[in-house]
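# A look at the structure
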Amino acid sequence: MESMPARPKLGQNFLRDTQAVQRIVAALGDVSGRTVIEIGPGRGAITGALAARAGHVLAIELDRELSAGLRARFAGGNVTVAGQDILTFDLASAATAAGERLAVVGNLPYGITSPILLKLAASHSALDRAVLMVQREVADRIVAAPGSRDYGLLSVTVQMHGPVERLFTLPPSAFSPPPEVHSTVFRWRFAPRFAELGVEEASFLRLVRLAFAQRRKTLANNLRAAGFAPGEIGSALARADLQPQARAEAISIEGFAEMWKALDAAREQMPKAEPE
Ligand code: SAM
């Protein structure tokens, strides 16, 4: 596998820092007897250390040559290699087959980081925790707090699905070939907040997407552009204790939940159209 050229289109920057490998696997906590999904195992830098600790590793690798190499290397052990695209892989069925919520680990292909994170978020009921490596700037956005430059749609979406912690950052030299960016490992515990905050998942996330549609606009203008009436928006801002000029990047997750409830209530109170 070492001799195969890396495919940049598949985000192939292989981890060569063995200490970092140990730290990533340790960050998952106790996985003895458990099934762990590895996203993009590549040449197996993390897979071997993971297999030594976990009950079962389900390694999902899109590159056919790499998946064949991994199958040969881990034959007869506790590693199953699926030559599949993580974006279409059925995590819910894997959790059902394992009889438990899954742990996930991965040095992600950076070109599809957001789709992978959204897929994990959407599959939260199948997942327990994840330790993931992403581009440093993406990690900054994931863990950002309201009011910071990096706070946005990605922060709210990920944090609504459970708490995140930044763990450590690696320089390009930790990989072969070296990427152009630094990389950060973070941990994500899946504990969705929708029920606790009294909001419905799909429409809440839709509201947040609308709120961040254009960062230069105020929240009110973004909602107006999405078709909400000015009166509705005004009462929702007041209920969430927000100024009329508030911007989405200043609003906490709890603030968005108040907005969602107020907009929902306003919609309920609106006169229904007369039947024709
Ligand atoms: N885990 C290895 C390591 O740390 O050295 C490789 C990490 S490399 C950054 C990303 C890996 O994801 C590559 O092996 C690449 O082939 C694989 N990959 C890219 N797109 C994928 C996809 N859609 N589904 C599954 N694997 C993918």
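Residues numbered from 1 in each chain as written. Predicted model: local features only at pLDDT ≥ 70, side-chain atom pairs only at ≥ 80, totals over all residues. Heavy atoms only, no water.

### Brief notes about the sheet that holds strand S3 (residues 56-60)
To be explicit about the condition: Here, strands pair whenever DSSP counts at least two bridges between them. In this description a helix means any DSSP run of H or I spanning at least four residues, a strand means any run of E spanning at least two, and both kinds are numbered starting from the N terminus. For helices, the axis comes from a line fit to the C-alpha atoms of the stretch in contact; other axes are also lines fit to C-alpha atoms, and the angle between any two N-to-C directions lies between 0 and 180 degrees.
Strand order across the open sheet formed by 7 strands is S4-S3-S2-S5-S6-S9-S7, with mixed pairing between neighbours. Whereas interior strands pair on both sides, the edge strands pair on one side only; in this sheet they are strand S4 (79-82) and strand S7 (164-170). In this sheet, neighbouring strand axes are inclined to one another by 20° on average, regardless of whether the strands run parallel or antiparallel. Relative to strand S9 (residues 183-189), S7 runs antiparallel, the two sharing 6 bridges. Paired with Val-164 across the bridge in S9 is Trp-188.

### Focus on the pattern of salt bridges
As a reminder, the rule being used: Salt bridge criterion: a side-chain nitrogen from Lys or Arg within 4 Å of a carboxyl oxygen from Asp or Glu. Any residue under 20% of the maximum accessible area for its type is buried, any over 50% is exposed, and the rest in between are partly exposed; the area is computed with a 1.4 Å probe on protein chains only.
Inspection of every chain in the model, using the stated rule, returns 9 salt bridges. A salt bridge links Glu-165 to Arg-187, with the shortest nitrogen-to-oxygen separation between them at 3.0 Å. Of this pair, Glu-165 sits in strand S7 while Arg-187 is found in strand S9, placing the two residues 22 residues apart along the sequence. Classification of Arg-187 by relative accessible area gives buried; the value is 15%. Residues joined by salt bridges that share partners form a network here, namely Arg-7, Asp-63 and Glu-65.

### Describing the domain arrangement of the chain
Defined as follows: Domain ranges listed in this record stem from an automatic or a database domain assignment. Two residues form a contact once any of their heavy atoms are found within 4.5 Å. When two components associate, each loses some accessible surface as probed by a 1.4 Å sphere; the sum of these losses over both components is called the buried area. In protein, a polar contact requires one atom able to donate a hydrogen and another able to accept it; more generally it is a pair of N or O atoms within 3.5 Å, and residues adjacent in sequence count only if both atoms are side-chain atoms. Under the convention adopted here, Pro, Cys and the residues Ala, Val, Leu, Ile, Met, Phe, Trp and Tyr are nonpolar, Asp, Glu, Lys and Arg are charged, and Gly plus all remaining residues are polar.
Along its sequence, the chain is carved into domain 1 (8-192) and domain 2 (196-269). Between the C-alpha centres of domain 1 and domain 2 there is a distance of 32 Å. Opposite the 12 residues of domain 1 that make contact, domain 2 presents 16 residues. Surface buried jointly by domain 1 and domain 2 totals about 1100 Å² across both partners, of which 70% is contributed by carbon and sulfur atoms. When residues of domain 1 are sorted by the area they lose upon contact with domain 2, Tyr-151, Leu-153 and Met-160 head the list and together hold 48% of the total. For the pair domain 1 and domain 2, the interface holds 0 salt bridges. At the surface where domain 1 touches domain 2, the tally comes to 5 residue pairs in polar contact (both at pLDDT 80 or more). Classifying every residue of the side of domain 1 that touches domain 2 by side-chain character gives 5 nonpolar, 6 polar and 1 charged.

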